[in-house]
Amino acid sequence: GPPKLGQRTIHATGMESIAEKFEEVNNCLPKSGSLGSGEDSQPRGQLSPLESLSLSLIAVPTGSELYAVDGALDSAIRAIGRFDFNAGSALLFDALLALHRFRPSAEVLRLQARCLSELGNVRRDQGIVDHPEGARRLYQRAQEIWRDFAEPARVANLELCQGICD
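Residues numbered from 1 in each chain as written. Predicted model: local features only at pLDDT ≥ 70, side-chain atom pairs only at ≥ 80, totals over all residues. Heavy atoms only, no water.

Visitor: Account for the overall build of the protein chain, with residues named and values stated.
Guide: Along the protein chain, the regular secondary structure elements total 7 helices and 0 strands. Secondary structure elements in the protein chain, listed N-terminal to C-terminal, are α-α-α-α-α-α-α. If you take every contact in the protein chain between residues at least 6 apart in sequence, the share linking residues at least 24 apart comes to 63%. (Helix = DSSP H or I, 4+ residues; strand = E, 2+ residues; numbered from the N terminus. Contact = heavy atoms within 4.5 Å.)

Right under this line is the structure:
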């Protein structure tokens, strides 16, 4: 069967391997303003037939699936606390990829923001700050989600994290 969350590991520590993982995750995450934002797109609020079809194929997560992702996130935080960045990163990547399968909802987006924040912490601790997949960009993506949820404390915390990067 498919691997469970956290069973995949990052074997190489080179930037190429990590960049490939980030590209895979970035391709999965919704881009801000991606639906209905192109020049020949549908009027705002309306989806093209292709967008409607692709959204209808996205799964609605069950409670146990969200619980598994939340558990993987907690395991990642523990691994990072032990300075096992490869295991922590692998768990976070797996969680983000698992979340991609689900229709965006408040729970899914909150978990994405938490994963992005933790991945930003890993990248910051590794000294990878201003790289396109660096801590600063991950923090910015998480901030966008928390702003949408009107979570000023989380936004402020991420601003502090970005300040540490300077």
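This is not the end of the story, as more comes after the structure.
Visitor: Describe the pattern of salt bridges, naming the residues involved and giving the relevant values.
Guide: Under the criterion given, the structure shown has 8 salt bridges. Two residues, E65 and R101, come together in a salt bridge whose shortest N-O distance is 3.6 Å. Of the two residues, E65 is situated in helix α3 (residues 63–81) and R101 in the loop between α4 (85–100) and α5 (106–125); the sequence distance between them amounts to 36 residues. With relative accessibility at 44%, the residue R101 sits in the partly exposed group. The salt bridge partner of R114 is D70, with a shortest N-O separation of 2.8 Å. (Salt bridge = Lys/Arg side-chain N within 4 Å of Asp/Glu carboxyl O. Buried < 20%, exposed > 50% of the residue type's maximum accessible area, 1.4 Å probe, protein only.)

Visitor: Outline the confidence of the model for the protein chain, supporting the account with residue identities and numerical values.
Guide: Here the protein chain averages 75 in pLDDT, and 65% of its residues register 70 or above. Model confidence for the protein chain, summarised as mean pLDDT per element, is weakest for helix α2 (residues 49–56) at 52 and strongest for α5 at 92. Low pLDDT, under 50, characterises residues 6–16; the stretch is placed with 21 contacts to residues that sit more than four places away or in other chains. Contacts from residues 32–44, a stretch scored under 50 in pLDDT, to residues over four places away or in other chains number 10 contacts. (pLDDT = per-residue confidence, 0-100.)

Visitor: I'd like a rundown of the packing of aromatic side chains, residues and numbers included.
Guide: A complete count under the given rule lists 2 aromatic pairs for this structure. Seen in terms of ring centroids, F83 and F85 are 6.2 Å apart; in terms of plane orientation they differ by 85°. Their pairing is edge-to-face. Accessibility expressed as a relative area gives 64% for F83, which makes it exposed. Ring centres of W146 and F149 lie 6.4 Å apart, and the angle between their planes is 55°; this geometry places the pair in the tilted category. Classification of F149 as partly exposed rests on a relative accessible area of 22%. One cation-aromatic arrangement involves R110 over F149; the distance from NZ or CZ to the ring centre is 4.2 Å. (Phe/Tyr/Trp six-rings, centres within 6.5 Å; stacked < 30°, edge-to-face > 60°. Lys NZ or Arg CZ within 6 Å of the ring centre and 35° of its normal.)

Visitor: Could you give me a rundown of the nonpolar core, with the residues and numbers involved?
Guide: Membership of the largest hydrophobic core comes to 33 residues, with the highest contact counts inside it found for L92, L99 and C115. At the level of secondary structure, the elements contributing two or more residues to this core comprise α3, α4, α5, α6 (135–148) and α7 (152–165). When residues of this core are assigned to their parent elements, the largest contribution, 8 residues, is made by α4. When neighbours within four sequence positions are excluded, L99 is seen to be in contact with V69, V108, L111, Q112 and C115. (Core = buried A, V, L, I, M, F, W, Y, C linked by side-chain atoms within 4.5 Å.)

Visitor: An account of unusual backbone geometry is needed here, citing residue identities and associated values.
Guide: Here the phi dihedral of F83 falls at roughly 65°; this positive angle occurs in a residue that is not glycine. Summarising the element assignment, F83 is placed in the loop between α3 and α4. For A150, which is not a glycine, the phi torsion comes out positive at approximately 50°. For A150, the position within the fold is in the loop between α6 and α7. A relative accessible area of 61% means that A150 is categorised as exposed.

Visitor: Help me get a handle on the packing of α4 against α5, residues and values and all.
Guide: Contact geometry of α4 with α5 gives a least axis separation of 10 Å together with a crossing angle of 155°. Classified by the angle between their axes, α4 and α5 sit roughly antiparallel to one another. As for the relative orientation of α4 and α5, their crossing is left-handed in sense. Contacts between α4 and α5 involve F85, S89, L92, F93, A95, L96 and L99 on the former and, on the latter, V108, L111, Q112, C115, L116, E118, L119, V122 and D125. (Axes fitted to C-alpha atoms, helices over the stretch in contact; angles between N-to-C directions. Parallel < 35°, antiparallel > 145°, perpendicular 65-115°, else oblique. Left-handed = near helix turned anticlockwise from the far one by under 90°.)

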